[in-house]
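Survey of secondary and tertiary structure
What follows is the residue order along each chain.
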Amino acid sequence: MKHAFLIMAHNEPAVLRTLLAMLDDPRNDVYLHIDRRADALRKEMEGTRLRRAGLHVVSRPLRAYWGDISLVEIEYLLLEAASSVCAYDYYHLLSGTDLPIQTQDTIHAFFRAHAGREFVSYWHGPWHDRDLDRKVSRYYFLTRHLKRSHSPWHAVAAPLHNLALLVQKVFGLRRRHEVEFRKGAQWFSITHGFCRYLIGHKDFVLRRFRHTLCPDEIFVQTLLWNSPFRNRIYNAEDDNTGNMRLIDWQRGNPYTWRDEDWEELRQSDKLFARKFSGEQAALLRRLEASYAPAAGSPEV
């Protein structure tokens, strides 16, 4: 089996280096997108090479903005780049602050045992249902400025954003629901077949989700749910099991794993975890020593 790891990074060079070292296996190829604005990270990663895995760095990166269609566009950049090189068995979307918490042998054995299944998480419950409805039923025109309080445009964008939503509510304007929408975590592991399905529906996705809030947490779940691949979903009931990621939303947004969490990480049956920080250097070293392939450190 050959796997493609699609990485979206914008900070934390120590974690990214650890991640690359842990993926440096001949059964893997890595496709790395570094945010166009992350000049410091790009400079620090210049010259990085992997000994056994292929490493492809996106040469014309985009600017990523929270809650914005730009995140979807970056995912498509990575999916298209990888699938044009090889028909990979699986495509894994990871953040630059994610890490494997199993060996590559264990990860590859797991996907061999569950070949053909789609690992996409789904969030359930009344709160998530209401949140999903507000995100897909209104037009959000200024998403790239909402979380940028340091931007000179934020002071103008924030009130205009609120005014636009108020006008839509007052006049009862709601966007048409062409499909049954679903939401969940952005990070996934999908087959080549579903990857090609996503790419085949790119025009619809970019048109329908362009003014949707947090489309990166909706478009994959929605397309999978309404597709012939729906019966291949690994687990649609438990979000962490659905994509085999260990993510703690109870202690953080999400929680950043610490040195003292080693036993919890070690005993987990999940394959990947997020998120990590370079400030927890001892934990990074422990994970790399335990789960990285032998002689897998990236060359600089």
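Further up the page is the structure itself.
Per chain, the residues get numbers from 1 upward, laid out in the order the sequence is written. Totals for whole chains, interfaces and linings use all residues, but because this is a predicted model, local features are given only for residues with pLDDT of at least 70 and pairs of side-chain atoms are given and counted only at 80 or more. The basis for every side-chain value is the complete set of heavy atoms in the structure, and neither hydrogens nor water enter the calculation.

**Some thoughts on the nonpolar core**
Convention followed: We define the nonpolar core as a collection of buried residues of types Ala, Val, Leu, Ile, Met, Phe, Trp, Tyr and Cys that are connected through side-chain atoms lying within 4.5 Å of one another. A 1.4 Å probe rolled over the protein chains alone gives each residue an accessible area, and that area as a share of the maximum for its type sets the label: buried under 20%, exposed over 50%, partly exposed in between. Helix and strand assignments come from DSSP, with helices taken as H or I runs of at least 4 residues and strands as E runs of at least 2, each series counted from the N terminus. Contact between two residues is taken to exist if any of their heavy atoms lie within 4.5 Å; hydrogens are not considered.
Counting 44 residues, the largest nonpolar core has Leu6, Leu79, Tyr91, Ile190 and Leu198 as its most contacted members. Secondary-structure elements contributing two or more residues to this core are strand E1 (3-9), helix H3 (69-83), strand E4 (90-95), helix H5 (126-137), helix H7 (192-200), helix H8 (202-208) and helix H9 (219-225). Broken down by element, this core gets its largest block of residues, eight residues, from H3. In this view, tyrosine 91 contacts Ala4, Leu6, Leu79, Ala82, Ser83, Cys86, Phe188, Ser189, Ile190, Thr191, His192 and Cys195; residues no more than four positions away in its chain are not counted. Core analysis: the next-biggest nonpolar cluster, separate from the first, contains 40 residues, Ile7, Ala9, Ala53 and Trp257 among them.

**Here's the deal with the sheet that holds strand E3 (residues 54-57)**
Counted only if it meets this: Strand pairing follows a simple DSSP-based rule, namely that at least 2 bridges must link the two strands. Every angle, taken between N-to-C directions, lies between 0 and 180 degrees, and every axis is a line fitted to C-alpha atoms, over only the stretch in contact when it is a helix.
Spatial ordering of the open sheet is given by E3-E2-E1-E4-E6, a layout of five strands whose pairing is mixed. One side of each edge strand has no neighbouring strand; the edge strands of this open sheet are E3 and strand E6 (189-191). On average, each strand axis in the sheet is inclined to that of its neighbour by 20 degrees, with strand direction left out of account. As defined by bridge partners, E4 adjoins E6 across three bridges and the pair is classed as antiparallel. Its bridge partner being in E6, tyrosine 91 is matched across the sheet by isoleucine 190. Strand contacts of H3: E1, strand E2 (28-34), E4 and E6, with the helix running at about 150 degrees to E1, the strand carrying the most contacts.

**Here we look at the pattern of salt bridges**
Cut-off, in case you're wondering: One speaks of a salt bridge when a side-chain nitrogen belonging to Lys or Arg is within 4 Å of a carboxyl oxygen belonging to Asp or Glu.
The tally for this structure, following the rule as stated, stands at 21 salt bridges. Residue arginine 208 is joined to glutamate 178 by a salt bridge in which the shortest nitrogen-to-oxygen separation is 2.8 Å. With arginine 208 in helix H8 and glutamate 178 in the loop between helix H6 (154-170) and E6, the pair connects residues that are 30 residues apart, well separated along the chain. Members of the salt-bridge network, linked through shared partners, are Asp131, Arg134, Lys135 and Lys183.

**Remarks on the pairing of E3**
When a strand is regular, its side chains alternate between the sheet's two faces. Across four bridges, the pairing between E2 and E3 is parallel. Following the sheet pairing, aspartate 29 is matched in E3 by glycine 54.

**Examining the side chain of serine 227**
Positionally, serine 227 belongs in the loop between H9 and helix H10 (239-243). Owing to a relative accessible area of 9%, serine 227 belongs among the buried residues under this scheme.

**Describing the sheet that holds strand E8 (residues 272-274)**
The strand order across the open sheet built from three strands is E5-E8-E7, with neighbouring strands paired in mixed fashion. What marks the edges here is a single partner per strand, and that holds for strand E5 (98-100) and strand E7 (245-247). Averaged over all pairs of adjacent strands, the angle between their axes in this sheet comes to 25 degrees, without regard to strand direction. Here E7 runs beside E8; their pairing, made up of three bridges, is parallel.

**Describing the packing of aromatic side chains**
Quick note on the threshold: Whether two aromatic rings pair depends on their centres lying within 6.5 Å, for rings of Phe, Tyr and Trp, where Trp uses its six-membered ring; planes under 30 degrees apart make the pair stacked, over 60 edge-to-face, and the rest tilted.
If you walk through the whole model with that rule in mind, you get 21 aromatic pairs. A ring pair is formed by tyrosine 31 and tyrosine 88, whose centres lie 6.1 Å apart and whose planes are at 80 degrees; its orientation type is edge-to-face. Taken together, the residues span a long stretch of sequence, with tyrosine 31 in strand E2 and tyrosine 88 in the loop between H3 and E4 at a distance of 57 residues. For the pair shown, tyrosine 31 and tyrosine 88 are each scored as buried.

**So, the packing of helix H1 (residues 13-23) against helix H12 (residues 281-291)**
Just so we agree on the cut-off: Roughly parallel means an angle under 35 degrees; roughly antiparallel means over 145; roughly perpendicular covers 65 to 115; every other angle is labelled oblique.
For the pair H1 and H12, the least separation of the axes is 10 Å and the interaxial angle reads 5 degrees. On the basis of the axis angle, H1 is roughly parallel to H12. Contacts from Ala14, Val15, Thr18, Ala21 and Met22 of H1 reach H12 at Leu284, Leu287, Glu288 and Tyr291.

**Considerations on the pairing of E1**
The element E1 is extensively covered by neighbouring structure, given that seven of its seven residues are classed as buried. Burial along E1 is two-sided: the residues His3, Phe5, Ile7 and Ala9 and Ala4, Leu6 and Met8 are all buried. Note: E1 against E2, seven bridges, orientation parallel. Its bridge partner lying in E2, leucine 6 is registered against tyrosine 31. With six bridges connecting them, E1 and E4 associate as parallel partners. Note that in E4 the partner of methionine 8 across the bridge is serine 95.

**Description of unusual backbone geometry**
The omega angle of the peptide bond from asparagine 253 to proline 254 is -5 degrees, so this bond is cis rather than trans. Structurally, the position occupied by proline 254 is in the loop between E7 and helix H11 (262-267). Cis peptide bonds are those with omega within 30 degrees of zero, and the linkage from arginine 274 to lysine 275 qualifies with 5 degrees. Residue placement: lysine 275 occurs in the loop between E8 and H12. Although it is not a glycine, methionine 244 sits at a positive phi angle of roughly 55 degrees. You can see methionine 244 is positioned in the loop between H10 and E7. Note on methionine 244: relative accessible area 4%, which makes it buried.

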